[in-house]
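# Fold and geometry: a report
Letter by letter, the chains look like this.
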Amino acid sequence: QEQLVESGGGLVQPGGSLRLSCVASGRTFSGRTFSSYVMGWFRQAPGKEREFVASISRSGGRTDYANSVKGRFTISRDNAKNTVYLQMNSLKPEDTAEYYCAADWVLAIMVVTTTPEEYDYWGQGTQVTVSS
């Protein structure tokens, strides 16, 4: 069964860093390889809607970020390892949320996806708490 598995969440003090990982395990998604998918990170805080954090194109050549994380977060991917990463620096209490990775199958090489409705597969999430 295809699935996305996030890891790397935890409790960190304001100003600290975390690195989230998301591994695509099992068979390829619907017969397509990991590199066929745009990958994204989203987050959802209690009582709030799920919001876009970052997205990366199939080859990794293009990225996009929410304004709230630009300059602090970096998304990257390793297609040989079926893994996407989210490096989070200078964390703030408002970054506290459940973080989800997602996969969107696309044909174009240099596109990113920012809307959750377009994503085909989702992980179960990993909790990030920023608190002193």
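A complete count under the given rule lists five aromatic pairs for this structure. Between the aromatic rings of F42 and F52, the centroid separation amounts to 5.8 Å while the plane-to-plane angle is 70°, which identifies the pairing as edge-to-face. In this pair, F42 is assigned in strand β4 (residues 37–44) and F52 in strand β5 (residues 51–56), connecting sequence segments ten residues apart. F52 matches F42 in its accessibility class, with the two residues each being buried. Here F42 and Y119 contribute two aromatic rings whose centre-to-centre distance is 5.2 Å and whose plane-to-plane angle is 85°, an arrangement assigned as edge-to-face. Taken together, the residues F42 in strand β4 and Y119 in the loop between β9 (97–105) and β10 (121–122) connect sequence positions 77 residues apart. Neither residue differs from the other here; F42 and Y119 are each classed as buried. Aromatic rings pair up to connect F42, F52, Y119 and W122 into one cluster. Above the plane of the ring of Y85 lies R19, whose end atom (NZ or CZ) is 4.0 Å from the centre. Of note, R50 hangs over the ring of W122, and the distance from its end group to the ring centre comes to 4.6 Å.

Reading guide: rules and limits
Residues numbered from 1 in each chain as written. Predicted model: local features only at pLDDT ≥ 70, side-chain atom pairs only at ≥ 80, totals over all residues. Heavy atoms only, no water. Phe/Tyr/Trp six-rings, centres within 6.5 Å; stacked < 30°, edge-to-face > 60°. Helix = DSSP H or I, 4+ residues; strand = E, 2+ residues; numbered from the N terminus. Buried < 20%, exposed > 50% of the residue type's maximum accessible area, 1.4 Å probe, protein only. Lys NZ or Arg CZ within 6 Å of the ring centre and 35° of its normal.

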